[in-house]
Amino acid sequence: MASEEASLRALENLMTEFFHSCTTNERKREIEELLNNFAQQAGAWHHCLFFLSNTRNEYVMMYSLTVFENLVNKMWIGLASQDKMEIRSCLPKLLLAQHKNVPYFIRNKLCKVIVDIGRQDWPMFYHDFFSNTLQLIQTPALAPLGLVMLKTTSEELACPREDLCVARKEELRKLLLEQVPTVLGLLTGILETYWDKHSVIASTPPPSPTSGESVELLGSLFQGSQYSKLLCQPMAALDNDGHQLCCLVLECLAHLFSWIPLSTSITPTLLASIFHFARFGCDLRTKAKTGPFISTSSNGPLNSGTVPPTSNGQGLNGQQSGSTKVDRARLGVLAMTCINELVSKNCVPMDFEEYLLRMFQQTFFLLQRLTRENNAHSVKSRLQELDESYLEKFTDFLRLFVSVHLRRIESSPQFPVVEFLALLFKYTFNQPTHEGYFACLDIWSVFLDFLTTKIKSRLADRESVLNRYKDALVLLLREVLNRIQFRYNQAQLEELDDEVLDDDQQTEWQRYLRQSLEVVAKVMELLPSHAFSTLFPVLQENLDVYMGLQQFIVNSSGSSRSLNITAENDCRRLHCSLRDLSSLLQAVGRLAEYFIGEVFAARFNDALAVVERLVEVTCYGSRTTLYDLETAVPSVLKPDLTDVHAQALAALQAYSHWLAQFYSEVHSQNQSQFINLVTSAVDASSPLISAKVPEKLLLSACHLMVSITSTVRPVFLVNLPAVQSIFNMITTEHQTHRLPQEAHILVCRSLSNMLLLTWPNLPESEQQWHTRSSSHASLLAALTREYRILRGTVNATHRQPNLDNMKAVIQQTLPVLKDMVDSISSESTKSRQICYQSLQESVQVSLNLFPVFIQQADVTDEMLAFFLILFQALRVQMGVAFTGQIIHTFLSMFTREQLAASILHEGSAGCRVVQKFLKILQVVVQEPGQAFKPFLPSILSLCMEQVYPVVAERPSPDVKAEMFELLYQILHQNWRYFFKTSVLTTVQKGAAEDTMENEPQFTAAMQAFGQSFLQPDIHIFKQNLSYLESLNSKHKLYHRKLFRTSMLFHFINVLLQVLLHKSHDLLQEEIILAIYNMASVDFDAFYSVFMPQFLNGCHGVDSSQRGVLARNFKPEQDLPSFTQSVHRLVNDLRYYRLCNSSLPTGTIKL
């Protein structure tokens, strides 16, 4: 005893020293090693039992429990049965004796160790493990402790970690499921008892807000419901102990509901009890700041809010009221967590559907409470005063209800959907935070999707379905539109940030607007005429303000003009009106898709009204150049005016598909209306294409021009004076004000499209290709003037100073050419032919310049990007001879040293160059026919002998991905390069006798794929696994003799090892499917040859364990059974290794 006392004192000193701020890291390592060695001793747990019983030092307690935890989870199998019995007896006694005197985290840790023992030994060797827990719950003084044990049991036994074999996991789940009805009955009893005990129900309660609810809106929901009276009872007033206990019960239920199936064990009484407690969240007295809420619930992961009354009760007396607010909110949050666990389950048995309906009835009673107005509070102020976490949980419930269960409940006569939508409407538009509002908009989006799908599947009674929801949709649309307007919602909208970009590259304001407009668009799809008649008048109103600004323009001194609106109030009103106009223009643009296709004729007049108005606005904006005015508040009004103009152009661009359909409908009739619209749109854009215009506006004008030239494609466009002026500006030599690069590229694309793209509605003979071809050649000649001169410069001299100027010209010209080719890549052969004729000289120049810049990665990157798009779009037009010349040049330039130098700088321009080069080769090897077949050997050689050795041992994810895709395309598109099997042979003999060619290259490629499965990069792993599967489905790769005899088992082995190491767990399904497909080539060989070999090669397991693993891997040939067997093999093999590695090998002494 004396020696144990001395050890305890020494351990306390060591622990105190370890956590002291002055202790060095070196000394901490020494102490850690000493403690680890002590813990490894065979009888260390005896000492730890003494320490736990005799110390008050928290560090010592935690260390001792960690020793026990390690013993139970890693060394239990090797422990003597007498020792196990002693531990099973001592630890629960210790828990009962100490649980009130130790901190909650020590108590929780001790509970977990006892549960871990139960996980190993219950029911065979520890038969009273679960009954002890139930007994604790039924003993009033020990109920909190029993509930902590129950929750820990649910966490550790229902979904155990992998340190158990599959058979034991299944046994535990079965044992727990048998106990579920008893457990739920006990928990229901506690909730009911506490509610009844603390409810104060007068025999005739007066009609007041607290004692009874007037169930007005959802009246039909509760007619005849036995629970309506229960839910209208006044709230229970719980004391501190009662609150702690009920919190624990709800936590237990939440975890139990996460894994038990929906069944009649979840009784109506239990559901009613949970809903009683969910009401605490609706109570205005529950508002609490987040700080104390978190501090009281920080009782560790196992148990929130269960500080034993003896250790804490007195300390709370002073702040009882504050604590009660937090406590009540916490009960509401926990109850809603339970409800959400149940609602999140999609699989609902028939006999549970009635319970589900009852749950929804009860929850909507709560929703009605939340959205009820009375004299003291508006709905918004009510929601503002509630706990944020409770509101989040409630919104989660509504989302789950609408997305998972609405389809089940909607047709039930007992569930009034329209009345529910009215409550959801109030709840949505009174949310106190933007995030809450966004979450509610998502719910409406899901509902609108549901309604759209329902209508499409039931076209016969479309009208009756729509009429049922029409009023709700009209209200929703109007309110969402109001919410995006400063006129109605200025205070909230001004809080939104419009500068910081989120992960989706949008600001908070842009996200708000986008989500709102998505809802508007979905309503438009269901109720087009209503939506249009709601939106268009509001747009007109704001447009009138904008169009009326012309009268306030005054000419100041010199050439400057200013807006004569200076009063602060007028400026503010103008700012709000312009912001609203900008938003409404975006809304009108978003709705463009609902005027085209089958509904074009029916909605023609509405669309025409919109387009005419947009054309008028854009012309007005360009004519008055409002963006150029001096204003009283330039930092606000100038961006507003620019934005409105830009949004008007963007909205008009959105109607380009409508204009295209208009063009095709009227091409043989009077076109004057159409011609006027297009001419005006071009006239509005043309003046804005200038370097002096703000870039936002310039780009909007350029994008509109691109859409008109690529989507609408009017014949008369090229003859318009406005277009001629753009043409002249772009082709003029020595431009004084060159457009910014992005705008320049867009303008060049639109001019090129105008000359290259096929005119709609006209036969080939009227396409005027000859004239257009010569115009395109002169356009390209002007655009590449400086670029083509470079060839002469290179031939004349190699002096360095020139290269910098040349570089600038290359980086200005090639992006323009690349964009032009890209835009016609999917167009007619004639368009591509003309394009290549115009480009031919520039392509030749590029090839000549390539060797000069091979050491300058940024220029090479630009050049290869250009060549890549040429190969993708114009390889037929370039011809075999010239294409071959290009490939030959590239292959000779990219030496192994050059490639290595580029790849070594990951993420650099050099890496991008190699990627693009490999992409070009991918295009080449995919080309059908024999033209490029002679290049295959050198491409394969480059891939396997030059690129692969450099990337094999390095991460280089981008280059690797492209290299393996190239390898895959070589194999897939050129299968006969390796396997010469004729169709006739295949039919006669099957694929057994392959005629193999180029075997070394094929083997090397397969080895590269196999090697990639041993590396950590999960993206490469997934990509390459899909390539192998694709080669198998298209070419029977796994059945080929070479693969089957010398590679198949190696691949299966590697994939099984990956599963065992858990390094690529996200791809479990894909890996098992691949193993199945490989094994299914010859199941007999897999089960009789591979499995014994594999198990014999498995280290860390003994022969009897191998026998068990082999017997459990049933020789099934269907995929589900095979998948189950693989999961079982992996789990049990890991479990055996864990057990065997923790068996005692000797005693370590201090």
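An account of the accompanying structure is given in this report. What you see as residue numbers is a count from 1 along each chain, following the sequence as written. Per-residue local features of the predicted model are confined to residues with pLDDT of at least 70, and side-chain atom pairs are confined, for both listing and counting, to 80 or more; whole-chain, interface and lining totals are unaffected and use all residues. The side-chain figures draw on all heavy atoms in the structure; neither hydrogens nor water molecules are used.

Remarks on the overall build of the protein chain
- Counting its regular elements, the protein chain contains 52 helices and two strands.
- The buried label applies to any residue whose accessible area, calculated with a 1.4 Å probe on protein chains only, is under 20% of its type's maximum; exposed applies above 50%, and partly exposed to all values in between. Within the protein chain, buried positions represent 54% of all 1150 residues.
- All accessibility values rest on the Shrake-Rupley procedure with a 1.4 Å probe; residue burial counts only the protein chains present in the view. When the accessible surface of the protein chain is summed, it comes to about 50200 Å², and 53% of that surface belongs to carbon and sulfur atoms. Helix and strand definitions follow DSSP, with helices as H or I runs of at least four residues and strands as E runs of at least two, each counted in order from the N terminus.

Focus: the pattern of salt bridges
- In what follows, salt bridge is the name for a side-chain nitrogen of Lys or Arg lying within 4 Å of a carboxyl oxygen of Asp or Glu. Applying the stated rule across the entire model yields 40 salt bridges.
- Among the salt bridges present, the one from Arg 573 reaches Asp 570, with a minimum N-O distance of 3.8 Å. Of this pair, Arg 573 and Asp 570 both sit in helix H26 (residues 568–590), three residues apart, which is roughly one turn of that helix.
- Take Arg 573: its relative accessible area is 57%, and that puts it in the exposed class.
- Its relative accessible area of 37% is what places Asp 570 among the partly exposed residues.
- Here Asp 643 makes a salt bridge to Lys 696, at a shortest N to O gap of 2.4 Å. Residue Asp 643 is found in helix H28 (residues 634–654), and its partner Lys 696 is found in helix H31 (residues 695–712); the two are separated by 53 residues along the sequence.
- Connected via shared salt-bridge partners are Glu 69, Lys 109, Lys 112, Asp 116 and Arg 119.

Some details on the side chain of Thr 395
- Summarising the element assignment, Thr 395 is placed in helix H19 (residues 388–409).
- Classification of Thr 395 as buried rests on a relative accessible area of 6%.
- Excluding residues within four positions of it along the chain, Thr 395 makes contact with Tyr 427, Ala 439, Cys 440 and Ile 443. Only heavy atoms enter the contact rule, under which two residues are in contact if any of them lie within 4.5 Å.

Here's the deal with the packing of aromatic side chains
- Pairing of aromatic rings covers Phe, Tyr and Trp, the last counted by its six-membered ring, and requires centre-to-centre distances within 6.5 Å; plane angles under 30 degrees mean stacked, over 60 mean edge-to-face, and any other angle means tilted. Summed over all chains, the structure comprises 73 aromatic pairs.
- Between Phe 394 and Tyr 427, the ring centres sit 5.9 Å apart and the planes meet at 50°, which makes this aromatic pair tilted. Separated by 33 residues along the polypeptide, Phe 394 in helix H19 and Tyr 427 in helix H20 (residues 417–428) bring together distant segments of the chain.
- Taking 5.1 Å as the distance between ring centres and 75° as the angle between the ring planes, the aromatic pair formed by Phe 1086 and Tyr 1087 counts as edge-to-face. Of the two residues, Phe 1086 and Tyr 1087, both sit in the buried class.
- Put simply, the rings of Phe 1049, Tyr 1076, Phe 1083, Phe 1086, Tyr 1087, Phe 1090, Phe 1094, Phe 1113 and Phe 1122 pair up and form one aromatic cluster.
- When the ring centre of Phe 18 is taken as origin, the NZ or CZ atom of Lys 28, which lies over that ring, is 5.7 Å away. For a lysine, the NZ atom is tested; for an arginine, the CZ atom; a charge sits over a ring if that atom is within 6 Å of the ring centre and within 35 degrees of the ring normal.

With respect to the environment of Thr 363
- For Thr 363, the location among the structural elements is in helix H17 (residues 353–370).
- You can call Thr 363 buried: its relative accessible area is 0%.
- As for Thr 363 and Phe 275, which are separated by 88 residues in sequence, their C-alpha atoms are 7.4 Å apart.
- In contact with Thr 363, not counting residues within four places along its chain, are Phe 275, Met 336, Ile 339, Phe 394 and Phe 397.
- Side-chain polar atoms of Thr 363 contact the backbone oxygen of Met 359, separated by 2.7 Å. Each polar contact in these results corresponds to two N or O atoms within 3.5 Å; when the atoms are within protein, one needs to be able to donate a hydrogen and the other to accept it, and residues that are neighboring in sequence are counted only if both atoms are side-chain atoms.

Some words on the packing of H31 against helix H33 (residues 741–756)
- Angles here are taken between N-to-C directions and fall from 0 to 180 degrees, while the axes themselves are lines fitted to C-alpha atoms, restricted in helices to the stretch in contact. Two elements in contact, H31 and H33, have axes separated by 8 Å at closest approach and are oriented at 20°. Judged by the inter-axis angle, H31 sits roughly parallel to H33. When you trace H31 past H33, the crossing you get is left-handed. On H33, the residues touching Leu 698, Leu 699, Cys 702, His 703, Met 705, Val 706, Thr 709 and Ser 710 of H31 are Glu 742, Ala 743, Leu 746, Val 747, Arg 749, Ser 750, Asn 753 and Met 754. In what follows, roughly perpendicular refers to angles from 65 to 115 degrees, roughly parallel to angles under 35, roughly antiparallel to angles over 145, and oblique to any angle outside these ranges. Whether a crossing is left-handed or right-handed is set by the direction in which the near helix is turned from the far one by less than a right angle, anticlockwise for left-handed and clockwise for right-handed.

Taken by themselves, the reported measurements are silent on function.
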